[in-house]
Structures are given as structure tokens and as C-alpha cells.
Amino acid sequence: MIANYGYSDASGEYLITIDTDRCDGCGLCKEVCPAGVMELGDDESDPLNEVKVAIVLEGQRNRIGHTCKLAGCKPGKERCIEACAQGAIEHSF
Amino acid sequence: MNRNYDNQEFWRWTESRWENPTVSLEDANHITSGIDVGSVSSQAVVVADGQIYCYGNMRTGSNSPDSARNALRHALEGTGLTEDRIEYCIGTGYGRVNVPMADRTITEIACHARGANLIYGNDLRTVLDVGGQDCKAIRCNEKGKVTNFLMNDKCAAGTGRGMEVMADMLSVPITDLGERSFDIEKEPRPVSSTCVVYAKTEATGLLRSGWDVNEVLAGYCSAMAERIFSLIQRIGVEERFAITGGMAKNRGVIDRLVRIMDIEPMTTEWDPQIAGAAGAALFAHTLVEKGKGRDGEGK
Amino acid sequence: MDQRITAGIDCGSKTTKCVIVEGNDPIGIGLTSSGFDIKEAINRSLNDALCASNMDRECIERIGVTGAGAGNTEIVDIEINEIRAMGRGAVHFFPGATTVVDVGAEMARTARLSKNGNVEDFAMNEKCAAGAGAFIEAMSRALGVPLEDMGELANQSNNPIPMNAQCVIFAESEVVGQIHANTPVKDICRAIHDAMASRIASMIRRVGPMGTSDDDIVVMGGVALNTGFIEALKRELMVERLRIPRHPLIVPAVGAALIAREEGSD
């Protein structure tokens, strides 16, 4: 299941996309994220399953355009993407 | 179908409740409920063995635990069913932490897909939910399981709130807005501002330059339809397609959106606003059937 | 020095500004409400500036226009891109400026300048009210605090609280919620300015690296007069000092007048 977290506004499109079919719930993305926006939570395609997958924190979804940049994560060198062995994460910005 | 509309227009949205005459509670194995507390409206749905038994839909108010209690009470009114017979309750929506009778919560995307699948049938593959303060595009499979989603709750443009602000400014009751937007000679161009605040200024300028209120409504609905369309294009549309949420009732935006998409949306006799709560009630039913209800023991 | 007298007119969504420049100095300023008729606003602001400088129309060699006034070519000799006008004006008042920000009623713009004052990169927001003065105006209505008092009130707060909403419409509801929860008004006020500054700072960071000691940041536009916003912006950008022109509204108009003179071929 493809989960798109973020928004699009006048300054552009800011989406962190997680493919939960690939995510194995290892939690490394959460550990390495300098902005603290990643978390482990319910899989929207299977919420009754106790296994957690990577999500973007609800309170952070509308700020990723600011917080990611502020934390120093650069396009093409995002820490979460680099940490994910399954290739489950994508950034649109 | 016997709909019972309480025409109390708290801030102009109509409240409603309904009881299913074809469902009998006597033979029901499991009775569960789902409560969706949105930022603008709240719904409660009671499901008996996977079928909708009754529902209530009302304005959320100040998002205290009362919103959930009132919604459930509204749904049960006149049915003879009492709360204690509900085996399991799931809360969902923006205010799901404020559902005191919920045994657990589930996020709204999952609930919407599941509920829409029940309401529209399992041909449904793409759902657009336009609510009071957000807009969600969801792809799902034949079982109502989410396969892709995208949500906007950052910007009021394209949401029910954005519509209310415009309706307020133009002094048009929100329930009349859609029809009035088609009471025009020719479809005007869409207003160029997506932003509701700027659209208001633009609308003032248009009125001064001779546009009448219905034309301005048409221009605004048109702009909103385009904004929602770009959201949904991001995840792609697979047929069949349906629209849920409060905005589904706004012909002004929805008819224009359908025209842009050139796809025939599914229809339902149910109130599309109940999709989230219905999905929550169905998840509750699944849990209870698997013996994971309140007692936790197998049944 | 070129002593020709030129005028620059900056057509904003709220205010139209005209500045008459002779030599190095603005000698007359006209400010007027833009209203709904751009042409009328242009004429009014020009007449006001002529009055203020005690000049006749004939004394003005060339008139440059920037902002929404494009297309009004009857009295205008040259149309100037607003980013250029902003940069040129900023460098006139602050020759060492490296970054320029203009926050107006309905738009915000920023540019990174090269060593000789040319625009290297820029970013704009003209589409979202939350990133412009309209945000603070709407919040002042929601709070019931006069707009001119907002900044000072914000600076009285030592208690930062986060604001979740990123949209004017949703923020209004959030502010009302905070009022019901009895949050002190000055804290709500500070949160409003912090939120605004965070968005503007984000836009500024888009145009180039920040945080060197060579940074010289000029902030102009109506919102630059808001001390609460300026303090919040300093905190966000982590700088000790921001350059605010003495007359923050007229800088692009001055830039337009200078460019009109410099690119005049008569």
C-alpha cells in the first residue's frame, strides 16, 4: 500500500511516500531522522494487524517542507531513504 | 426508504438520522458501532452482523466527548436499541481520542475505504472524501482495503470550510449554493485564486465589475473542482469511483468535478457522510467475530 | 551623477506607492489605497508624490512601474520586474545586502543577491494568504486586537506555543479554540507571529545558504513594521540583526525609479 504523507501548496509539492508492502517495520528511519518526523504506526491497509509500519507523525505531515530542510536533510541524500534496506521510502522534494 | 431528517440547521448543515427497516436485531449475532468525529460533523453507525442498522449525523460543535455521545444517541433515538447491547465500538476521525465509549481507535483512511466499500459495493476502487477540513483521495481493492492514498488537510481550498467561508461572504445558504451556481446563463471562467482568502477578495472585485452572485459561485465552485481534481490525479483514478464526505452533497463542486473527470461516479441510497463511521463499525464487527472483542476470549 | 528626476510606482494589492527620486534621494512620496482600479491608484499616488515634492508632472523624465501595474502604459515609460525593483531598491539603501525579503499584504518575495547587487535566485508566494500580511490581519480580527498593536503584544510573551494550522481559515478556528481555553492573549499573539516567521524563513532558505557572518538580510514591506514579526524572524533565522529600511514600503518603488533612470535612453 502506498501512503503519501504531506501536502501541496503554492511553494510546491512536499510528499514523503511509504510503500508499506516493502516496509518491514525495522524502525531505522525513525532512528536516523534528524527532524523526528518518522514513527511506527498502523498500516492503513491492515489496521487490525498488530505489526507496525513506518508512518509520518500526524502532527508533522503539514510541516515537512519546513522541518526536513531545517534539520539539514538534503534532496538526494535523505537519511531515511538511505537507512531503508527495503527501499520503501520516497521523497518528492 | 424512510429517512427522518431533523431539519435543525445548526450553522446551515442539515443533521440527519436513519433506521434500517429491513434489519432485525433479534437474530443478530453481533452488534457493533463506529463513531467518526470530524472537525465539522460527527457520525455514529450501528452495524448488526455486517449490515447497517442505524446511523446519526450531526454537527461536531466544540469537539468534546459530547460530540461522540450525541452522535450515538442521535443514531439510537427511536430504535429501541440501547448502548449496552453494543459489543464493541471503534472511534475514528480527527477527534477519535474524544470518543469515550470507544474500545479502540482506527485511523480515518482505513475506515473510509472499508465503509465506502460497504456503501457503494465492491466494484469501488477509488474514493474521494471531501470533508469539513480535509480532502482525501483513496485507492482500494474489492474488499475495501487501502492500496494508495493522499490527503490534504493543510489548506482550506477544496474543503467544506472553504465553501462555508465563501457561502457566508456571499450570504447564500450552503444548501442552496450548488443549485444557484447552475442558475446562470453561461459557465464563467474559474476564479484564479485557489486560496479562499484571496478568492474572497477576487469575488468582491468580480461583484463590483458586474458579475452576479450566482456567477461568482459558479466561478468559485469551478476553481474548487479543479483543485480537487489535481489532488486525485496524483494517485490516479481507477474505476469505479465514488465521492463521500460532506462536500459530496455540494452539486456546485461535484457536478463540475465529474465533468472534468469524465467518469460516472457511483451512487448510493445511503448518506455518503457515514462512510468513516460505517467502516469503523465493520472493523469492530471483524474483531468481535474473531473473538478479539471486549472479553478477549474466543466465542 | 545622473541628475534626472524619475518616478517609480509600485502597485501592491493593498497600497500603491509612488516615489520621486532625484540624485540619490527620494524627494517625494505618495501612498494611496490600491482599491479596485489600478490606473486610478497609479494616478493618485503620482499626484500625491508630485505634491509632496512640490513638482510638476513635466519635471519627471521617466516613470517606471512595478507590481500589478503592468499594462498601464499611458503614463508609464518602463515596466520593471518586481524582484529586480526589490533588489535594486534594497541595494540602494543597504549596499552590502545579500538577501532581501519583502512581505506585503498579499504576497511575500525573497531574493538572494550577488556581490554586485544582481538577483541570483528568488522565491515568491502570491498564492497563499498564510504566507503574507493577510495572515496577521485575519488573526488580529479573530483575537480582537488592533493590527497595529499585534507586534508589541507578541513581544510581551515569553511562552512559545506551537500553532498547528498552516492556513488562515484553519488558524482562525485554532485561535478561537485557544481563546476558549483561556490561553493568555499575548501568548496566542506570539504564536501567530512565530508561525508567520517560520513560513517566511522557510521561503528565504529556499533561495540559498544561510548562517554565514556575511549575511546581510534586508526586510521590507508592510509587515516589516511589525516588531513582533521581526523578533520572531530573527529567532527563526538565528540572526542578531535584520536591516529594516526607515520607510519599508517604498523600497521597490525607489528601485523602479532608479532602474527607470538607469535604463532611460532619452
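Each remark here, short or long, concerns the structure printed above.
Note that the structure is a prediction, hence the values are computed from the model and not measured. (Residues numbered from 1 in each chain as written. Chains lettered and ligands numbered in written order. Predicted model: local features only at pLDDT ≥ 70, side-chain atom pairs only at ≥ 80, totals over all residues. Heavy atoms only, no water.)

**Student:** For this particular structure, what's the right way to read the nonpolar core?
**Tutor:** A general feature of soluble globular proteins is that nonpolar side chains tend to end up buried together. B:Leu128, C:Phe135, C:Met139 and C:Phe229 are the most contacted members of the largest nonpolar core, which has 92 residues in total. The biggest single contributor to this core is helix α6 (residues 213-235) of chain B, with twelve residues. In this structure, C:Met139 is in contact with C:Met150, C:Met163, C:Val168, C:Ala171, C:Glu172, C:Val175 and C:Ile192, ignoring residues within four places of it in sequence. A:Ala3, A:Cys29, A:Cys68 and A:Ile89 belong to the second largest nonpolar core, which has 47 residues in total. (Core = buried A, V, L, I, M, F, W, Y, C linked by side-chain atoms within 4.5 Å. Buried < 20%, exposed > 50% of the residue type's maximum accessible area, 1.4 Å probe, protein only. Helix = DSSP H or I, 4+ residues; strand = E, 2+ residues; numbered from the N terminus. Contact = heavy atoms within 4.5 Å.)

**Student:** Got a minute to help me understand the sheet that holds strand β7 (residues 108-113) of chain C in this structure?
**Tutor:** Hydrogen bonds along the backbone pair up the strands of a sheet, which may run parallel or antiparallel. All names here are of chain C. A sheet is described by the order of its strands in space; here four strands give the open sequence β8-β7-β6-β9, paired in mixed fashion. Strands at the two margins of the open sheet, each flanked by one partner only, are β8 (119-125) and β9 (217-220). Here the average twist between neighbouring strands, direction ignored, is 10 degrees. In this sheet, β8 lies alongside β7 in antiparallel orientation, the contact comprising six bridges. (Pairing = 2+ DSSP bridges. Axes fitted to C-alpha atoms, helices over the stretch in contact; angles between N-to-C directions.)

**Student:** In this structure, what is going on with the environment of B:Ile31? I would like to understand it.
**Tutor:** All names here are of chain B. Within the secondary structure, Ile31 sits in strand β4 (residues 31-37). A relative accessible area of 4% places Ile31 in the buried class. Considering only alpha carbons, one finds Ile31 and Arg234, 203 residues apart in sequence, at a separation of 38 Å. Every residue in contact with Ile31, bar those within four places of it in the chain, is listed here: Leu25, Val46, Val47, Leu81, Arg85, Ile86, Glu87 and Tyr88.

**Student:** Hey, could you run me through the packing of helix α2 (residues 108-120) of chain B against helix α8 (residues 275-289) of chain B in this one?
**Tutor:** When two helices pack together, you describe them by how their axes are tilted relative to each other and by the distance separating the axes. Residues and elements named next belong to chain B. In the contact formed by α2 and α8, the axes pass within 6 Å of each other and the chain directions differ by 95 degrees. The angle between α2 and α8 falls in the class roughly perpendicular. Every residue of α8 that contacts α2 at Ala110, Cys111, His112, Arg114, Gly115, Ala116, Leu118 and Ile119 is listed here: Ala275, Gly276, Ala278, Gly279, Ala280, Leu282, Phe283 and Thr286. The residue makeup of the contact of α2 with α8, split by class, is ten nonpolar, five polar and one charged. (Parallel < 35°, antiparallel > 145°, perpendicular 65-115°, else oblique. Nonpolar A, V, L, I, M, F, W, Y, C, P; charged D, E, K, R; others polar.)

**Student:** How should I be thinking about the interface of chain C and chain A in this particular structure?
**Tutor:** Often, the extent of an interface is quoted as the loss of accessible area on bringing the components together. Taken together, the contact between chain C and chain A spans eleven residues of the former and nine residues of the latter. Where chain C abuts chain A, roughly 820 Å² becomes buried across the two surfaces, and 50% of that area is made up of carbon and sulfur atoms. A per-residue breakdown of the area chain C buries against chain A is headed by C:Gln166, C:Arg205 and C:Arg206, which together make up 50% of the total. Scanning the region where chain C abuts chain A turns up zero salt bridges. Linking chain C to chain A there are two residue pairs in polar contact (both at pLDDT 80 or more). Residue composition of the side of chain C that touches chain A, grouped by class: two nonpolar, five polar and four charged. (Buried area = accessible area lost by both parts, 1.4 Å probe. Salt bridge = Lys/Arg side-chain N within 4 Å of Asp/Glu carboxyl O. Polar contact = N/O pair within 3.5 Å; in protein donor to acceptor, adjacent residues only side chain to side chain.)

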